[in-house]
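Examination of the molecular architecture
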Amino acid sequence: MDFFKFSVLPLILIFPFMTQAATMSLFTDGFEGTPEFNAWTSVDTTKWNVINNADGAHSGSKRAEVKGANDSDDILTKTLSTVGYDNLVLTYWYKAESLESGDDDNLVVEYTADGSTWLNLFTINDGLDDDTWHEQTHNLPMGANDNSIFSFRFQANLKHGNDFIRLDDVSLTGDDLEVAPPSTTGSIGGWKYKDLNENGARDEDEPGIADWTINLYQGDQLVATTTTVGEQGNYYFTNLAA
């Protein structure tokens, strides 16, 4: 007598899962646009300039530059809404030259979540002025997330005419809070095979049986369209309600 058995594939049932939030670009500027600083909210253009010199830019042909002999702090500011986004990351490239520690020459990178209180992220000062491009990345605090009045700025305080800080490729990214709805389908499958030794399990030498029609039930209720067993005895039901 021939014994035919069914074996259900292990771990083939797929339950609902949440889709990972997509990372989106909220702001980017390599200072290539016209007019200068057109992507920024405010800038003191008596001290900040865009320099067109491909050899001196981190990428492209232009960079922003602030130089010394300042009468006051000179600020480059961007204000934008981050509503609908979290996990914000601010990234930029900088290069500094001839900063003097005794004069407190520096460029301070700050952000505000309430429009008035500025919090320090990073300070470029003496010791970081090796005239080499450096990438700086900040995973911003939670207060920056989902915020309608978020701002960040670069504030320079340079005393002498030979003090330079250059800036390029500024970007802000965040994860979209609008997560896709969970999957509502799953799948299940198995094998139909000839149980030659009648041990209730499929062994290596036991062949699959093709061209059978399989129905899937939950209790007495048919819950899936029939499927035909494949050449190796395998069958699958897909797009099942999870």
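All of the points below concern the structure found in this document. (Residues numbered from 1 in each chain as written. Predicted model: local features only at pLDDT ≥ 70, side-chain atom pairs only at ≥ 80, totals over all residues. Heavy atoms only, no water.)

All right, on to the sheet that holds strand S9 (residues 119–125) then. Ordered in space as S3-S6-S11-S8-S9, the five strands form an open sheet in which the pairing is antiparallel. Unpaired on one side and paired on the other, strand S3 (42–43) and S9 mark the two borders of the sheet. Here two bridges tie S3 to strand S6 (residues 74–80), and the two strands are oriented antiparallel to one another. Paired with serine 42 across the two strands is threonine 77, which belongs to S6. (Pairing = 2+ DSSP bridges. Helix = DSSP H or I, 4+ residues; strand = E, 2+ residues; numbered from the N terminus.)

Omega for the bond connecting threonine 34 with proline 35 falls within 30 degrees of zero, at 0°, which places this linkage in the cis form. Mapped onto the elements, proline 35 comes out in the loop between strand S2 (23–29) and S3. With phi around 60°, phenylalanine 37 is a residue other than glycine that occupies positive phi space. Along the chain, phenylalanine 37 falls in the loop between S2 and S3. The phi angle at glutamate 198 is positive, at roughly 55°, despite the residue not being glycine. Mapping glutamate 198 onto the fold places it in the loop between strand S13 (185–194) and strand S14 (213–218). We classify glutamate 198 as partly exposed; its relative accessible area is 48%. (Buried < 20%, exposed > 50% of the residue type's maximum accessible area, 1.4 Å probe, protein only.)

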